[in-house]
Amino acid sequence: MNPDTGASRTSGSLVCIGVGMTLGSHLTPLARSYLEKSDVVFAVMSDGIVELWLSEMHPDVRSLQPLYREGKSRMQTYREMVDTMLAEVRAGKNVCGAFYGHPGVFAWPPHKAIEIARKEGYRAHMEPGISAEDCLYADIGIDPGTVGCQHFEASQLLFYKRVIDPSAYLVLWQVGVVGDQSLARFSTGNAYRQVLVDVLARNYPLDHDVIVYRAATLPIQQPRIERIALRELPDVKIDLQDTIVLPPSRDLEPNHEIRDRLTMIDARSDKHLSLAWSDGARL
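Quick caveat, the model's predicted, so the values are computed rather than measured. (Residues numbered from 1 in each chain as written. Predicted model: local features only at pLDDT ≥ 70, side-chain atom pairs only at ≥ 80, totals over all residues. Heavy atoms only, no water.)

### Regarding the sheet that holds strand 3 (residues 61-63)
We apply this condition: Paired strands, in this sense, are two strands between which DSSP finds at least two bridges. To qualify as a helix, a DSSP run of H or I must reach at least 4 residues; to qualify as a strand, a run of E must reach at least 2; elements of each kind are numbered from the N terminus. Here, axes are lines fitted to C-alpha atoms. For helices the fit covers the stretch in contact, and angles between N-to-C directions go from 0 to 180 degrees. Residues are treated as being in contact if the distance between any of their heavy atoms lies within 4.5 Å.
Read across the sheet, 5 strands follow the order 3-2-4-1-5 without closing on themselves; strand pairing throughout is parallel. In the strand order of this sheet, the two ends are held by strand 3 and strand 5 (123-127), each with one partner. Neighbouring strand axes in the sheet, compared pairwise and without regard to direction, differ in orientation by 20° on average. Here strand 1 (residues 13-18) runs beside strand 4 (residues 94-99); their pairing, made up of 6 bridges, is parallel. Note on strand 4: the bridge partner recorded for I17 is A98. In the packing of helix 1 (residues 29-37) onto the sheet, contacts are made with strand 1, strand 2 (40-44), strand 4 and strand 5, and the angle to strand 1 comes to roughly 140°.

### A few points about the pairing of strand 6 (residues 149-153)
Our working definition: Handedness is read with the strands pointing away from the viewer; a crossover is right-handed when the path from the first strand over the helix to the second is clockwise.
Pairing analysis gives 5 bridges linking strand 6 to strand 7 (residues 169-173), with the strands arranged parallel. Counted as the bridge partner of F152 is L172 from strand 7. One crossover worth recording links strand 6 to the parallel strand 7 by way of helix 7 (residues 154-159), and it is right-handed.

### Concerning the environment of Y137
How we decide: Residue burial is assigned from relative accessible area. The probe radius is 1.4 Å, only protein chains are included, and a residue is buried under 20% of its type maximum, exposed over 50%, and partly exposed in between.
Looking at the secondary structure, you find Y137 in helix 5 (residues 132-141). Owing to a relative accessible area of 18%, Y137 belongs among the buried residues under this scheme. Look past the residues within four positions of Y137 in its chain and what remains in contact with it is I142, P144, C149 and H151.

### Some remarks on the sheet that holds strand 7
One open sheet accounts for 5 strands, arranged 6-7-10-8-9; its pairing is mixed. Taken across any chain shown, the strands that pair with only one partner, and hence form the sheet edges, are strand 6 and strand 9 (224-229). Neighbour-to-neighbour, the strand axes of this sheet turn through a mean angle of 20°, independent of strand direction. With 3 bridges joining them, strand 8 (residues 209-214) and strand 10 (residues 243-246) adopt antiparallel strand pairing. Paired with V212 across the bridge in strand 10 is I244. Packed onto the sheet, helix 5 meets strand 6, strand 7, strand 8, strand 9 and strand 10 and runs at close to 125° relative to strand 8.

### As for the state of the cysteines
What counts is decided by this rule: Cysteine sulfur atoms are paired as a disulfide whenever they come within 2.5 Å of each other.
In this structure the tally under the stated criterion is 0 disulfides. The thiol sulfur of C16 is not disulfide-bonded, and the nearest other cysteine sulfur, from C96, lies at 7.5 Å. With no disulfide of its own, C149 has C135 as its nearest cysteine by sulfur position, at a separation of 15 Å.

### With respect to the packing of aromatic side chains
Here is the rule: Here is the rule: rings of Phe, Tyr and Trp (six-membered ring for Trp) pair when centre to centre is within 6.5 Å. Planes less than 30 degrees apart are stacked, more than 60 are edge-to-face, and the remainder are tilted.
For the structure on display, the rule yields 3 aromatic pairs. Measuring from centroid to centroid gives 6.4 Å for Y68 and Y78, while their planes differ by 90°, and the two rings are edge-to-face. In this pair, Y68 is assigned in the loop between strand 3 and helix 3 (74-90) and Y78 in helix 3, connecting sequence segments 10 residues apart. Among the residues examined, Y68 registers a relative accessible area of 26% and is labelled partly exposed. Three or more aromatic residues joined by ring pairs form one cluster here, namely Y68, Y78 and W108.

### Observations concerning the pairing of strand 1
Most of strand 1 is tucked away, with 6 of its 6 residues classed as buried. Neither face of strand 1 is exposed, since S13, V15 and I17 on one face and L14, C16 and G18 on the opposite face are all buried. Where strand 1 lies against strand 5, 5 bridges are found, and the strand directions are parallel. Among the inter-strand pairings, C16 is bridged to a residue of strand 5, identified as M126.

### Some thoughts on the pattern of salt bridges
Between side chains of opposite charge, pairing is possible as soon as their charged atoms come close. To keep things clear, this is the line we draw: The rule for a salt bridge is simple: a side-chain nitrogen of Lys or Arg has to be within 4 Å of a carboxyl oxygen of Asp or Glu.
Applying the stated criterion across every chain yields a total of 16 salt bridges. Linking K112 and E115 is a salt bridge whose minimum nitrogen-to-oxygen distance equals 3.6 Å. Linking K112 with E115, this pair stays in helix 4 (residues 108-119), spanning 3 residues, or about one helical turn. What makes E115 partly exposed here is its relative accessible area of 33%. Here E115 ties to K119 by a salt bridge, and the two come within 3.2 Å at their closest N and O atoms. Of the two residues, E115 and K119 both sit in helix 4, 4 residues apart, roughly one turn of that helix.

### Details of the packing of helix 3 against helix 4
Counted only if it meets this: Relative orientations are named as follows: roughly parallel for angles under 35 degrees, roughly antiparallel for angles over 145 degrees, roughly perpendicular for angles from 65 to 115 degrees, and oblique for any other angle. By definition, any crossing whose near helix is turned counterclockwise from its far helix by less than a right angle is left-handed, and any crossing with a clockwise turn is right-handed. When residues are sorted by character, Ala, Val, Leu, Ile, Met, Phe, Trp, Tyr, Cys and Pro go into the nonpolar class, Asp, Glu, Lys and Arg into the charged class, and all the rest, Gly among them, into the polar class.
One way to put it is that helix 3 packs onto helix 4 with a least axis distance of 9 Å and a crossing angle of 40°. By the criterion of interaxial angle, the relationship of helix 3 to helix 4 is oblique. Note that helix 3 runs across helix 4; the crossing there is right-handed. Here helix 3 contributes M75, Y78, R79, M81, V82, M85, L86 and R90 to the contact with helix 4, which in turn contributes W108, P109, K112, A113, I116 and A117. A breakdown of the residues in the contact of helix 3 with helix 4 according to their chemical character gives 11 nonpolar, no polar and 3 charged.

In short, shape yes, function no, at least from these values alone.
Laid out in structure tokens, this is it:
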């Protein structure tokens, strides 16, 4: 068995692809090939228009969006998505799961479906796509390599004792449902976002700049890039698709102890190189 794609001892296969964020702009040639050559396509798209566009490339595109319902646990919905895709794989079909953005980012069903398919001996793998994070770096103009970048699911920041580094960028996902312990809501309100503000205020002043971001899903759209003060977050309209970005609130703090150790190692290395060069020159 190939540990990456599963065994080929049985018919049926699964590939989960990402179509990117913006209609028609981000789908790779390889992902499109898998989509067009599959027997059936299951789709989770960000927009109904994107779903219609997908249907033009394959005669049997089945939306998984109707599995969502207000008041229904998202985990139940995710399991139903997995079961729906695997039922066709077990029937011997080559199945393509098409997900907006990257199929492995904030997407439990693709990971789980691939895991189960491989265990059952089916060929299964994932093809990456352009995610909202990729678009965020381009649209806002952030290079995560300058001072670093932390990413958290917003509710996870509340439910667990996480450590924030305010000298790096902080990106919080799914702020529209922050604090939802039921996993059954499509949105939470001002009071929940106020709790988030209170947690963030331990590391950031209330007048700290916050960027509300949403990637464009249609070519005619512009991304949402709205700058507010941290204290204003509870009163700003935030949807499930919106992400918030907090720039650093303090400078990087030099680690002089480690730098001194590295300087000593550099000095020893330079000495050894110098001796080696001298020995070579005498030969």
